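# Understanding the architecture of this molecule
The primary structure of each chain is shown beneath.
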2 protein chains.
Amino acid sequence: MADSVPSDSVGLVTPRIFASEDPLTLQCGATLPRFDLVYETYGELNASRSNAVLICHALSGHHHAAGYHSADDRKPGWWDTCIGPGKPIDTDRFFVVCPNNLGGCHGSTGPTSDDPATGEPYGPTFPAVTVPDWVHSQRRLADHLDIERFAAVIGGSLGGMQAMQWAISYPERVRAAVLIASAPRLSAQNIAFNEIARQAITSDPDFHDGHYRARGTNPDRGLMLARMVGHVTYLSDDGMRQKFGRELKSGDPREASGVEFQVESYLHHQGRSFSRSFDANTYLLMTRALDYFDPAGEHGDDLVAALAPARCRFLVVSFTTDWRFSVERSREIVDALVRARKNVASAIIDTEHGHDSFLLPVPRYVDVLGTYLRRLADEVAAGGDANTRGAAADAR
Amino acid sequence: MADSVPSDSVGLVTPRIFASEDPLTLQCGATLPRFDLVYETYGELNASRSNAVLICHALSGHHHAAGYHSADDRKPGWWDTCIGPGKPIDTDRFFVVCPNNLGGCHGSTGPTSDDPATGEPYGPTFPAVTVPDWVHSQRRLADHLDIERFAAVIGGSLGGMQAMQWAISYPERVRAAVLIASAPRLSAQNIAFNEIARQAITSDPDFHDGHYRARGTNPDRGLMLARMVGHVTYLSDDGMRQKFGRELKSGDPREASGVEFQVESYLHHQGRSFSRSFDANTYLLMTRALDYFDPAGEHGDDLVAALAPARCRFLVVSFTTDWRFSVERSREIVDALVRARKNVASAIIDTEHGHDSFLLPVPRYVDVLGTYLRRLADEVAAGGDANTRGAAADAR
């Protein structure tokens, strides 16, 4: 952490644990006898408990979205650019809740947790979880916090899928859903990249069919490769050109051995640090949740029908150079919402940073998000709910 | 091979070996005391030896571009769609020469060959080779075949880079250069994908720093991953959607384990068969040659200056859905050729098959290539060479 906390930071934060002692039956048919969700909150819940915002994280995210855990932290939470006093997700006005997803590896029950049935870590026996499973477990957290309705459920990428699922599964409990750099379901190309990442992990001899901890090993190489694949696909070609060009690490191309271009060095570094901090079984589980998300699938591939139950308003944001969750995929969501006569606003942001843009302080993006949420905060403060109950009317 | 050879096939072909016994000093400074190039030829060299066409292969290609090696072959050579009697590269009119590149693993001297200095296979000690090195070694093959000037040097992808280099290095020996789905140099994103492939190979514990053969192993897992990465980037998102959609291999998403989507099954199959047929050290070497190709680099990043020595005419072809060697990259080549006052024709082909399009029988592509080469064959038959010596004049 900087010597002094920046004035727009939420400052020091402490994670909390929500222990859900009731069994949870998952979509795959398995039942978890109990589970923990680790979460953080920023800002204050108002008297009418109407200003809560749920942040849903993406593939490699977690509950630590903003602020610092200690004075020694060099970096703040993963979405500190957007969450804080005066920031788009304004903690002076909203009570922000961010849990780590079920199956995660940052404190929520997941493959690294002990299975009560055996007393041993779940490891690869942790059941498959889906986006609807996550939303159901988050609903329990909402109940625990006595939040009847979220002012907003907000997420980027896989987080946007959760926001969409919230709107579908719990229409009365969401005032606004904000879907950023998301998609109604993955394309074959996206699934293929996820499969390469999984293959990198499972083919690592240190993976041991997922029992690596019991064997005292870790599939570092596989995780590193998986992260490298992810990273390249989260950046745009243009963005990489600007960031790295074709610059050599050493000056002389004749000394050709090992890592030579700057971009290689960067990817190695990113991959290595990820392999030290992320659980391989969790990575497999999260990518599978991504692959299987497909709300239209249960409605004969009709996204309009899938979105019909939603009562909230929607903001859909996409980025021009995001080729993994392209503008076109967000447009599919917007078009379906319009056809389903929902209240929907959308913005396409010009940026050079690809899918990663949703984490970056891109001025127009920050402005769009901030403006939208400021209006929402005003309405919440005024106690109004015209835009949720009257959503269909608004869109007509 | 089919029961009867199709009438537009070159039929049964037999590879030949060109043994170059003179030392070859490479760009990296190392010298090969001698080398072999394995090659195939299709069609007949005319009396004036003016109808020869050189085919340069891409990353995972080889000398077997057309026809069959035996009556049992299930598949013809890799570019049989374009090479044969009456096909765009018409073997009734052209004498087609296709070598396996130096450093390859299909019969030319490479990492799997014995180093005369030690009597042991080169393995990872085989020196780094570059596109100019390949062109110089191919020039020796041309001398051996007594071909003073190629009617055309043709290549897709990395093969197109060799065609460009031929035009620069040996301007008097090329009548036409055909660059298909190519680029003047790789982008940072392309280098990043190559680096992931290399990392997959070198981090495989069976790689043994490249000495896998001496250890009786093979980095199958790494090669498989490398090929999977390549494959996804050679296909377009649209093409994959059409080919695979989101179809599940088994019907039930609840049976979530292992390979579930059709696209995963396809990639596994492609990766596995590749890992059985391709040498890992060669793969590393070929991707490095790709990364370092940069003719403009020696001219202060001025591609116009780099192309100034060329005397031949050019055909530059690109495909709309090729995102690894995009239309924009071909446009850079065309623009530089125009500014360098060269004779250049170009075509952008609408297709859904991404980078792989250059290997497929896309009608307009086949038509463009065939028309261009038919006119060239006519001129060659008429003994004319106005379009090479007078290239600059033509472009004015």
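Residues numbered from 1 in each chain as written. Chains lettered and ligands numbered in written order. Predicted model: local features only at pLDDT ≥ 70, side-chain atom pairs only at ≥ 80, totals over all residues.

What follows concerns the interface of chain B and chain A. Opposite the 37 residues of chain B that make contact, chain A presents 37 residues. Elements with a minimum of two residues in the side of chain B that touches chain A: α3 (188-202), α4 (220-234), α5 (237-244), α6 (262-277) and α7 (280-292) of chain B. Looking at side-chain class alone, the side of chain B that touches chain A contains 21 nonpolar, six polar and ten charged residues. (Contact = placed C-beta atoms within 7 Å. Helix = DSSP H or I, 4+ residues; strand = E, 2+ residues; numbered from the N terminus. Nonpolar A, V, L, I, M, F, W, Y, C, P; charged D, E, K, R; others polar.)

Another aspect to go through is the relation of the copies chain B and chain A. Think of it as a corkscrew move, a rotation about one axis and a shift along it, taking one chain copy to the other. Least-squares fitting of chain B to chain A yields an RMSD of 0.0 Å, with the transformation described by 0.0 Å of translation along the axis and a rotation of 180 degrees. The superposition of one copy onto the other is thereby described by a two-fold rotation axis. (Least-squares fit on C-alpha atoms with pLDDT ≥ 70 in both.)

Before going further, it helps to spend a moment on the confidence of the model for chain A. Residues and elements named next belong to chain A. Mean pLDDT over chain A stands at 93; residues scoring 70 or higher make up 93%. For residues 386-396, every residue scores under 50 in pLDDT, and the model assigns this stretch 21 contacts once sequence neighbours within four places are set aside. Listed scores for the predicted complex are pTM 0.91 and ipTM 0.89. (pLDDT = per-residue confidence, 0-100.)

Moving on, we get to helix α9 (residues 327-339) of chain B. Since the α-helix packs 3.6 residues into each turn, any two residues three or four apart lie on the same face. All names here are of chain B. Compared with the 18 Å implied by 1.5 Å per residue over 13 residues, the 18 Å span of α9 between its first and last C-alpha is a close match. Residues R329, S330, I333, A336 and L337 constitute the buried set of α9. Seen from one end, α9 has its buried residues packed into an arc of 120 degrees, which puts them on one side. Buried positions along α9 lie against β10 (176-180), α8 (303-307), β11 (313-319) and β12 (344-349). R341 lies just past α9 and shows a positive phi near 60 degrees. (Expected span 1.5 Å × (residues − 1). Buried ≥ 20, exposed ≤ 12 C-beta atoms within 10 Å, placed from the backbone. Arc of directions from axis to C-beta.)

Residues and elements named next belong to chain B. An order of β1-β4-β8-β5-β9-β10-β11-β12 is seen for the eight strands of this open sheet, with the pairing classed as mixed. A strand with exactly one partner marks an edge of an open sheet, and here the two such strands are β1 (16-20) and β12. Strand after strand, the sheet turns through a mean of 20 degrees between neighbouring axes, direction not considered. Both strand β5 (residues 52-56) and strand β8 (residues 95-99) contribute to a ladder of three bridges, which runs parallel. Each residue of the ladder has a partner; that of A52, found in β8, is F95. Its contacts with the sheet place helix α1 (residues 131-144) against β1, β4 (35-42), β5 and β8, and it is angled at close to 60 degrees to β4. (Pairing = 2+ DSSP bridges. Axes fitted to C-alpha atoms, helices over the stretch in contact; angles between N-to-C directions.)

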